[in-house]
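Structural features, examined
Listed here are the chains, written in short residue letters.
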Amino acid sequence: LNRFDEAEAQLKRGIDYLDRIKDRSTRDKTEAEVLTHAGEVAARAGNMARALQCYEQAEALIAREEGEGLQMIEVLRGRAEAWAGWGQSEKAHSDLMRAIEFIEKYRANVDTSDQRIKFLAASHGVFDQLISLDLNTLGRPIEAFEMSERFRGRALLEEISRERIRSEGRPIAASTDGTAGALRPPASVSPLKLSEVQSGLPANLTLLAYTVTDKKT
């Protein structure tokens, strides 16, 4: 809504509230979340220096806490969006690729429905941004296609895994190491490369592939 003064006032109240939090871990997580939102506001207001400062501080705080992959994904996604808005496409691409690394690591630790909803929203946003960046800015249609297939393939494998567990009457629970091992897709399964898909199609067949992102198809 471009109401930046009001947003800044809300963020300042959030920062002031941090002094009331005594537990260091909780304070770090909360401060990182506030800084991430502050980075988004600064980027939309056109203050790139402020946005980058907020994201860097948030990243440093999250790095001190193990298992906070979802927050790191949000920081990298937000900073990538800021980079892209300022024409720094390669830096945006680098942050999005790092976010995907965290997505792959974090997916095994999603063990509640609330976490799953947040994780799916975050990962969908990252892949959407990367596909759009590859296709519309960097001119990398092959990578865009393969990223699209990678995301859809992972989502399908996880859904098949969940349905199999439900059909067997087993609860979707974490494994002995604290991860949701039952939901982890088989590590050996990976989507086909574009060249592999093309080589498997009949010569007289044209296959149209498209992806729907939050901005365009």
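Right, let's walk through the structure included here. (Residues numbered from 1 in each chain as written. Predicted model: local features only at pLDDT ≥ 70, side-chain atom pairs only at ≥ 80, totals over all residues. Heavy atoms only, no water.)

A few points about the overall build of the chain
Each helix and strand in the chain was counted, giving 8 helices and 0 strands. For the chain, the α and β elements follow one another from N to C terminus as α-α-α-α-α-α-α-α. The buried share of the chain, reckoned over its 217 residues, is 35%. Considering only contacts within the chain whose residues lie at least 6 apart along the sequence, 59% involve residues at least 24 apart. Total accessible area on the chain stands at roughly 13000 Å², and carbon and sulfur atoms take up 53% of it. (Helix = DSSP H or I, 4+ residues; strand = E, 2+ residues; numbered from the N terminus. Buried < 20%, exposed > 50% of the residue type's maximum accessible area, 1.4 Å probe, protein only. Contact = heavy atoms within 4.5 Å. Areas by Shrake-Rupley, 256 points an atom, 1.4 Å probe, with all protein chains shown as cover.)

A word on the environment of Ile131
For Ile131, the position within the fold is in helix 6 (residues 113-137). When the C-alpha atoms of Ile131 and Phe145 are compared, they prove to be 7.6 Å apart, with 14 residues separating the residues in sequence. Those residues in contact with Ile131, other than ones at most four positions away along the chain, are Ala144, Met147, Ser148 and Thr211.

What to know about the pattern of salt bridges
All told, the structure shown has 9 salt bridges when counted by the stated rule. Between Glu59 and Arg79 there is a salt bridge whose closest N-O contact spans 2.9 Å. Within this pair, whereas Glu59 is found in helix 3 (residues 48-63), its partner Arg79 is found in helix 4 (residues 69-85), the two being separated by 20 residues in sequence. Like Arg79, Glu59 is buried. You can call Arg79 buried: its relative accessible area is 8%. In the salt-bridge network here, residues are joined through shared partners; they are Glu40, Glu74, Arg77 and Glu81. (Salt bridge = Lys/Arg side-chain N within 4 Å of Asp/Glu carboxyl O.)

Some words on the side chain of Gln71
Structurally, Gln71 is set in helix 4. Those residues in contact with Gln71, other than ones at most four positions away along the chain, are Lys29, Ala32, Glu33 and Ile62.

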